[in-house]
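# Inside the fold
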Amino acid sequence: MPKLSFFTADVFTDTRFGGNPLAVVMGGEALDSATMQAVAAEFNLSETTFVMPPTDPAHTARIRIFNRTAEMGFAGHPMVGTAFVLAKQRANLTDATFEISAGIVRVKIERDDCGTPIAATIVTPQPLSIGETVSVDVIAKVLRLDPNDVVSATHPPIMASNGNPYVIAELTSEALARCSPYIDVFKALYVQGEDILQSDPNTKHVSAGLVAMECVIVHDLFLNETANYAHIFLPGSTFLEKNGTFTNAERRIQPVRKVMSPMNGLEDWEVTQRLAQAMGLDWNYNHPSEIMDEVARLTPSFAGVSFDRLDEAGSLQWPVNDAAPDGSPIMHVDGFVRGKGKFVVTDYVPTDEKTGPRFPLLLTTGRILSHYNVGAQTRRTENVAWHPEDLLEIHPVDAEDRGVKTGDWIKLASRAGETTLRATVTDRVAPGVVYTTFHHAVTQANVVTTDYSDWATNCPEYKVTAVQISASNGPTDWQEEYEALSERSRRIETEIPAE
Amino acid sequence: MNTTERLVYMANQIAANLETDPNPVGAIAEHIRLFWDPRMKKLIFENDGDGLSPNAAAAIASMKK
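For clarity, every value in this text was computed on a predicted model and none was experimentally measured.

Here we take up the overall build of chain B. Within chain B one finds 4 helices and 0 strands. When its helices and strands are written in sequence order, chain B yields α-α-α-α. Per-residue burial over chain B gives 43% buried out of 65 residues. For chain B, long-range pairs separated by at least 24 residues make up 66% of all intrachain contacts whose partners lie at least 6 apart in sequence. When the accessible surface of chain B is totalled, it reaches about 3500 Å², and 57% of it is carbon and sulfur.

Residues and elements named next belong to chain A. Taken together, F239, L240, F246, V259, M260 and M263 make up a surface patch of nonpolar side chains, about 640 Å² in accessible area. Locating F246 in the fold gives a position in strand β17 (residues 244-247). Overall, the relative accessible area of 45% leaves F246 in the partly exposed class.

Turning our attention to the side chain of N446(A). Residue and element names in this part refer to chain A. With respect to the secondary-structure elements, N446 resides in the loop between β24 (433-437) and β25 (465-471). Separated by 2.8 Å, the side chain of N446 and the backbone oxygen of Q198 make a polar contact. With near-sequence residues (within four places) excluded, N446 lies in contact with Q198, S199, D200, P201, N202, T203 and Y462.

This brings us to the interface of chain A and chain B. Contact with chain A, which involves 14 residues of that partner, is made by 15 residues of chain B. Taken over both partners, the interface formed by chain A and chain B buries close to 1500 Å², and the fraction arising from carbon and sulfur atoms is 47%. Three residues, D347(A), V349(A) and W455(A), lead the burial of chain A against chain B; their summed loss comes to 40% of the area buried on that side. Across the chain A-chain B interface, the total number found is 1 salt bridge. We note a salt bridge from D137(A) to K42(B), for which the minimum N-O separation is 3.5 Å. Connecting chain A to chain B are 6 residue pairs in polar contact (both at pLDDT 80 or more). Of the residues contributing to the side of chain A that touches chain B, the split by class is 4 nonpolar, 5 polar and 5 charged.

Conventions we followed
Residues numbered from 1 in each chain as written. Chains lettered and ligands numbered in written order. Predicted model: local features only at pLDDT ≥ 70, side-chain atom pairs only at ≥ 80, totals over all residues. Heavy atoms only, no water. Helix = DSSP H or I, 4+ residues; strand = E, 2+ residues; numbered from the N terminus. Buried < 20%, exposed > 50% of the residue type's maximum accessible area, 1.4 Å probe, protein only. Contact = heavy atoms within 4.5 Å. Areas by Shrake-Rupley, 256 points an atom, 1.4 Å probe, with all protein chains shown as cover. Patch = residues over 30% accessible without salt bridge, like charges linked within 9 Å, V, L, I, M, F, W, Y side chains within 5 Å. Salt bridge = Lys/Arg side-chain N within 4 Å of Asp/Glu carboxyl O. Polar contact = N/O pair within 3.5 Å; in protein donor to acceptor, adjacent residues only side chain to side chain. Buried area = accessible area lost by both parts, 1.4 Å probe. Nonpolar A, V, L, I, M, F, W, Y, C, P; charged D, E, K, R; others polar.

This is the structure we're talking about:
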């Protein structure tokens, strides 16, 4: 371990041991991220900074900020304190520029007549952005208060950020003294058989939510992308290893029978049942047929469904009940519930995602035959030979305007985020439209897609995102960070002793 | 967009889509009644009609009664 010098400072005070404490470690470039985190935990101060040489020589330093448990994008008092420590060492430093993960922070240092630094003023790396409001009930619950203690006359409780997101809520002064934080809202997530990180729109929003969880359990056949954020991974069982039914879009309930014992020892429903039991629920099913019997008791259109009936018939299409004991291959034969039907005129409601000078092209995303959705299953097969990477399809006219040739690396940017991938010039797409698939985790097309959704179903607007493309010489910061996270989360840190 | 703004936005989209219905206000109210969950309804009722189109505002006012 290298020997590095460090300073401790008290910020926002003129009294020793007052204010906000900070440790400043010089020569941070000698440490890796894990060691920085360990050092910050050892200091046990609200924050610790690590000073490194700047990547741009015009700047003063590159700085990473850690609290006791995590790295921070930006925080005020570490910037002021670090500037003060550096100003003490460098007599001519009056305007410092720090590179931090949230951007660039400029610091103005004030000195007294003897040149001793006495104060510092900072400009935040990002302008103030206002996010979602939070309901008064949630704030009250989290602070163990009554909803009446939360004041929303000036503004409702709201998310705000200039590099580091906070929820800002106003309380009565009396309640401020009485409140005691109790974080019991959305602590955990159990994700079974779905790769939300790669499939949901606006990936950065999804990852921020996953990072905020105290416990993420991923139960899947594969270590998918969401598993990078999992605290616990539970292996799933394939269709050959479990009993149950699949119901398709034709309303057809099809039995699936186990041909071998699950390699992990438990069928999926048993894993879920064990989790429920561990949380105190009295679930004691002995077989999936008992679960189907309960579904039949509770659901009128499934009333006649049982594993015995399914075995007999091979498959059944719901509704299966007294009126249709063998199921209903065709519904609404002589009319609908309301009669022959209802014809309505509806106006077309266009999306609000609009192209403009900054984002003049429309991105539409889709699938190709050789991969299934986000590719969690198909990317692990030889199907990758047909589709080894996501490519951006662009019309020759748009490509020529931008000097793009087939095979070039390009940056694809929208209002939500950016990614890099290779271009293929083709007249399969119309001028003004670009197209890509979302099968590969290294591309992450959904970093670019936005939160807009369809009014009736809330389906994400995967087909319309305003984008711009430009030449690129490497992956985006997000892609690099994500790759590092992905590698870290798949590493086995402790050697397992041989038996 | 925060949660309330998102709901106002959705209510306005529903109103735009049902503009040509013979009874647009009733149709909007019916859609919200059938398809919005209780938390969504609660939030849109708490909002004082800010940002809602006339038909959407009338539909929500009619549901509050």
